Amino acid sequence: MESKKIIQLREVVTRLPELRFKEPLNWTIEEGQQWAIVGPNGAGKTLIADVIQRKFAFKQGEVCYRCEGNSLGWVRSIAFKDIYSLADCRNSYYQQRWHATETDEMPTVAEILEEHTEEKDFLEVLSLFGIEEFLPKKIIYLSSGELRKFLIVRTLLKRPRVLILDNPFIGLDVASRKLLMEMLQHITRLKGVQVVLLLSNPDEIPEMITHVLPVKNRRCLPVYSREEFFKQTDLITDLFPDLESVVLPSSLKEQASHIVTFRMEKVSIRYGNRVILKELDWEVKNGEKWALFGPNGSGKSTLLSLIYADNPQSYANTLYLFDRKRGSGESIWDIKKRIGYVSPEMHLYYMENVSTLRIVGSGFFDSIGLYQKCTEEQQEIALTWMRLLGIEALKERSFLTLSSGEQRLALLARAFVKDPDLIILDEPLHGLDASNKRKAASIIEQYCARPGKTLIYVTHYPHELPSCVDKIFELIKQI
């Protein structure tokens, strides 16, 4: 029986109290098992993954691997926050991806994968997830969905025995989610890899999963087979309850009076030989609510960077913002002060070791990090939005110590603090558990009901669209 144990956690207690579960960790992964660790944001899912990989010093207990010799590479993990390490994004600024001359030193996908090109299944793995077309691209130009695919492929090429994936389906379009599901089934069947999925939504547990470990408030609950877990309706309700409804305070800001929020006329964007957007026309009027759709790599982030004044190619195109032609004398900050924005890409660049309250407060100044001090009034507004989103208790916590879902809630609060006329929400529910998705969706609906608020909502999950959205703009990927 002992030989079937692949990984075993025995009475593990981490040395640092802030990294501890409420009880010693005991858990075993046996040969052939495929696991999902399921629980709400902040429950401890990522903490378990870090313990498995022995990332922390232990006060007591041990983690045992069934492997010979060096265990390096036996367990590999992929999380969305790992993306910034691919191109040292922490040391680059957010707008850098849009400045071609400043990305010359960034590696291409082919260069990063060069060490694996001699492996016999290299092309098979690339084609399995359809990333051959990425090879000549610089890493900084990949969309968040494309980066996620790349991370998975690169990690698989390192041949781990156990692969941990943190919310692997977020940020992927429908076709890519289906491909990932097929890919996981393929590798577990043919390559002998066992997977551990960290999931904030029970609906995302794929059929290939054999066992489920529910987690809540840093406690491991009893283990179930996948089939039995879905019968535990009371447990699922307890893990993801309906949170208390919230009501937004009245806005004290005067209603925006512009006619056209933005208009693009024959907009084209290219980088070298790559055409991202081609002769694009789009007009959004004051108060309209739009969904922006398109597959991974179709240019959604590039388009939004034009609106948010991050992309210098906006000056080479005809673009109007708030009834004013771009480049007619307004500053970037004049534009940004009227826009609230959250996106997966932006999430990667907020890796500041400062308090969560300061991250939220930075929304008043459109800065990454807080470079100006909030007034007492601004700080109270920031706290109000944190309270509405259920994260006020995290105000003094370092942003870096939050779970990815908690970080997303903080960045959502940051987008709303200045009561913007245009709110751009790119995958805003990305990484949130089922309860927080419902709460955030309610807040978005209420905010957009205010007169003079324009919404651009990007998602790969049409069922998540706010009911107020009644217009659709769809991008087609350029060949």
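Residues numbered from 1 in each chain as written. Predicted model: local features only at pLDDT ≥ 70, side-chain atom pairs only at ≥ 80, totals over all residues. Heavy atoms only, no water.

Considerations on the overall build of the protein
A count of helices and strands for the protein gives 14 helices and 19 strands. Across the 479 residues that make up the protein, the buried fraction comes to 57%. A separation of at least 24 residues holds for 72% of the contacts in the protein among residues at least 6 apart in sequence. Total accessible area on the protein is roughly 21,000 Å²; 49% of this is exposed by carbon and sulfur atoms. (Helix = DSSP H or I, 4+ residues; strand = E, 2+ residues; numbered from the N terminus. Buried < 20%, exposed > 50% of the residue type's maximum accessible area, 1.4 Å probe, protein only. Contact = heavy atoms within 4.5 Å. Areas by Shrake-Rupley, 256 points an atom, 1.4 Å probe, with all protein chains shown as cover.)

Description of the sheet that holds strand β11 (residues 260-271)
One open sheet holds the four strands; their spatial order is β12-β11-β14-β15, and the pairing between them is antiparallel. Of all strands in the sheet, those with a lone pairing partner are β12 (274-285) and β15 (324-325), marking the two edges. Across four bridges, β11 lies against strand β14 (residues 318-321) in antiparallel orientation. In the strand pairing of β14, arginine 263 is matched with tyrosine 320. (Pairing = 2+ DSSP bridges.)

Focus on the state of the cysteines
Following the criterion strictly, the structure yields zero disulfides and no others. For the unlinked cysteine cysteine 468, the closest cysteine sulfur is that of cysteine 448, found at 4.5 Å. By relative accessible area, cysteine 468 is classed as partly exposed at 23%. (Disulfide = S-S within 2.5 Å.)

Concerning the environment of arginine 270
Structurally, arginine 270 is set in strand β11. By relative accessible area, which is 46% here, arginine 270 ends up partly exposed. On a C-alpha basis, the gap between arginine 270 and glutamine 313 in space is 9.0 Å, while along the polypeptide they are 43 residues apart. Apart from residues no more than four positions distant in its own chain, arginine 270 is found in contact with Val275, Ile276 and Gln313.

Points about the packing of aromatic side chains
Within this structure, the stated rule accounts for ten aromatic pairs. Ring centres of tryptophan 385 and tyrosine 447 lie 6.3 Å apart, and the angle between their planes is 65°; on these two criteria the pair is classed as edge-to-face. With tryptophan 385 in helix α12 (residues 376-388) and tyrosine 447 in helix α14 (residues 434-448), this pair connects stretches of sequence that are 62 residues apart. The exposure class of tyrosine 447 is buried, given its relative accessible area of 0%. Feature note: the residues Phe262, Trp282, Trp290 and Phe473 constitute an aromatic cluster, connected by ring pairs. Sitting over the ring of tyrosine 320, arginine 263 keeps its end group 4.4 Å from the ring centre. When the ring centre of phenylalanine 322 is taken as reference, the NZ or CZ atom of arginine 338 above it lies at 4.1 Å. (Phe/Tyr/Trp six-rings, centres within 6.5 Å; stacked < 30°, edge-to-face > 60°. Lys NZ or Arg CZ within 6 Å of the ring centre and 35° of its normal.)

Focus: the pattern of salt bridges
One pass over the full model with this rule turns up 19 salt bridges. A salt bridge links glutamate 23 to arginine 219, with the nearest nitrogen and oxygen atoms 3.4 Å apart. One end of the pair, glutamate 23, is in the loop between β1 (5-14) and β2 (25-30); the other, arginine 219, is in strand β9 (residues 219-220), with 196 residues separating them in the sequence. A relative accessible area of 42% means that glutamate 23 is categorised as partly exposed. With a closest N to O distance of 3.2 Å, aspartate 419 and arginine 450 form a salt bridge. With a gap of 31 residues between them, aspartate 419 in the loop between α13 (404-416) and β17 (422-426) and arginine 450 in the loop between α14 and β18 (454-458) connect regions that are remote in the sequence. Each of Lys253, Arg338 and Asp421 takes part in salt bridges that share partners, so that together they form one network. (Salt bridge = Lys/Arg side-chain N within 4 Å of Asp/Glu carboxyl O.)

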